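# Report on the structure
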Amino acid sequence: MVKRRRWSRRREDDRVAKKEDYALIQDADLELEQDDLSIPKPEPELETGEDPDVQEVESVEHPATPTGNTPQIFAVIGATGGVGTTSLATQLAHEFAVSTAQPSLGIRPVDPRICLIDLDFESGACAHHLDLLPSLTLEDLCGPSDQIDTAFTSALVSTHESGISLLAAPNTVGANARVNPRTVMAILDAAADLYDVVIIDMPRYRQSWSLPVMQAVDVLAVTAELTIPSLHAAREMLTQIAHEANGSVNAQAIIGKYERRSFKNMLKLGDAETALGRDIFATICQDPDSTREALNCGEPAGVLKSDSRFVKDVRTIAGKLKNASPLLLEEAA
């Protein structure tokens, strides 16, 4: 593959040593090997008097300018449906976008540095949450991976006025299983080159490309709520991820729709930690008014009510994700 810089070689920590098989996407589908073989690899030919330094610059030039920094990449996945995973993903993207804005130019950055990627091609809702038209097509996702680069990817984003770049495709039945896994990874690779922060909304049901994505992100947030079925599902998901990834996925539990007041027969946060066998990374309060208004307006909740309880909780999560080291998060878990 031409591109595997960001997603095959992440942070310089002990997780990198466990990712020597991260390119399993390349080996999983032998019939896709022709994609790589079809990419011409011209040998450089220098004529007399030609400056080798100039040729080297031209060989790596990209139409789009990368950030130059190692991006922060986070993914969210729901243990069960209806726990507010997409609302969390869109508001997280908004918090990072606002934090990178230039005050003199309002809330929108000159050059958007935040990318929200909806990897649920069957029932994803990020485009609806932001009232944007998805620019990706199923044909793009099923096509060969060698056509994906930063220029192609940047041309396919839809941009929200708050500075969020969205990569999403129209929902299609069976699309999650039909897409080319290597094309999906190439799009993520290009997004990592283009943006400072990448937020990924992942489908709840596992796909052939799910584990490689989980292994490459800095933090995987598994969202659940304080109910026995949801906690059971979260524990099973976390256990399965830990077993399959052999500890290479930095997974954290987030409790959504959390009610701080105690009612009769209501589970406590300590009950959730006991059930999951780990500390809870963060909680998100139950704030149906703010989230409902945001959904109906097609805006992140922070645009409409920047001081609501929901927005403040997500802002706290964004701060913890931005400032905490992945290794420290693993030790805390």
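Reading guide: rules and limits
Residue positions are given per chain, counting from 1 as you read along its sequence in written order. The predicted nature of this model means local features are confined to residues of pLDDT at least 70 and side-chain atom pairs, given and counted, to a pLDDT of 80 or more, with totals for whole chains, interfaces and linings taken over all residues. With hydrogens and water stripped out, all remaining heavy atoms of the structure feed into the side-chain values. Pairing between strands is defined by DSSP: at least two bridges between them are needed. The helix count covers DSSP runs of H or I at least four residues long, the strand count covers runs of E at least two residues long, and both are numbered beginning at the N terminus. Any residue under 20% of the maximum accessible area for its type is buried, any over 50% is exposed, and the rest in between are partly exposed; the area is computed with a 1.4 Å probe on protein chains only. Counting rule applied: Lys, Arg positive; Asp, Glu negative; His and chain ends not counted. Note on definitions: salt bridges are taken to be side-chain nitrogens of Lys or Arg within 4 Å of carboxyl oxygens of Asp or Glu. Under the convention used throughout, the expected extent of a helix is 1.5 Å for every residue step, that is, one less than its residue count. In this description, the arc belongs to the directions extending from the helix axis to the C-beta atoms. pLDDT is defined as a per-residue confidence score from the predictor, taking values between 0 and 100. Between two residues, a contact is recorded if the distance between any of their heavy atoms is within 4.5 Å. The method works on a 1 Å grid over the protein atoms by themselves. A cavity is a set of points holding a 1.4 Å probe that cannot get out, a pocket is an open set with protein on both sides within 12 Å along at least five of seven lines, and residues with an atom within 4 Å of a point line them. Grid points are joined across faces, edges and corners, and a volume is the space filled by probe spheres set on the points. Gly is put with the polar residues, along with every residue not named as nonpolar or charged; the nonpolar set is Ala, Val, Leu, Ile, Met, Phe, Trp, Tyr, Cys and Pro, and the charged set is Asp, Glu, Lys and Arg.

One open sheet holds the eight strands; their spatial order is β3-β4-β2-β5-β1-β6-β7-β8, and the pairing between them is mixed. Of all strands in the sheet, those with a lone pairing partner are β3 (158-159) and β8 (282-285), marking the two edges. When strand β2 (residues 114-118) meets strand β5 (residues 197-201), the two strands line up parallel, connected through five bridges. Residue Cys115 lies in a different strand from β5, and its bridge partner there is Val198.

In terms of residue burial, strand β1 (residues 72-78) counts as a mostly covered element, since seven of its seven residues are buried. Side chains of β1 alternate between two faces, with Gln72, Phe74, Val76 and Gly78 and Ile73, Ala75 and Ile77 buried alike. Pairing analysis gives five bridges linking β1 to β5, with the strands arranged parallel. Paired with Gln72 across the two strands is Val197, which belongs to β5. One ladder, built from five bridges, connects β1 with strand β6 (residues 219-224); its direction is parallel. Pairing of Val76 across the sheet is with Ala221, part of β6.

Further remarks concern the side chain of Asp201. Counting through the fold element by element, Asp201 comes out in strand β5. Arg204 provides the closest opposite charge to the buried, salt-bridge-free Asp201, at an N-O distance of 9.8 Å.

The subject of this paragraph is helix α16 (residues 309-323). Between the first and last C-alpha of α16 there are 21 Å, a value that for 15 residues agrees with the 21 Å anticipated at 1.5 Å per step. Among all positions of α16, only Phe310, Val311, Asp313, Val314, Ile317, Ala318 and Leu321 are buried. What you see down the axis of α16 is that its buried residues fit within an arc of 160°, all on one side.

Turning our attention to the confidence of the model for the chain. Reading predicted coordinates in detail is not appropriate for stretches of low pLDDT. Chain-level statistics for the chain give a pLDDT mean of 78 and a share of 71% at 70 or above. With pLDDT under 50 throughout, residues 1-6 is counted as low confidence; its partners more than four residues away or in other chains account for 26 contacts. The model gives residues 104-109 a pLDDT under 50, and that stretch makes 15 contacts with residues more than four places away or in other chains.

Tallied over the entire structure, the rule returns four cavities of 30 Å³ or more. Taken as a whole, the largest cavity holds about 70 Å³ of empty space. At the level of elements, α5 (85-99) and α14 (288-297) are the ones that each hand at least two residues to the lining of the largest cavity. Split by residue class, the lining of the largest cavity holds five nonpolar, four polar and one charged. Volume-wise, the second largest cavity comes out at about 50 Å³. As for the second largest cavity, its lining consists of Ile117, Asp118, Leu119, Phe121, Leu136, Leu141, Leu167, Val184 and Ile187. Where the lining of the second largest cavity is concerned, the elements lending two or more residues are β2 and α10 (181-194). By residue class, the composition of the lining of the second largest cavity is eight nonpolar, no polar and one charged.

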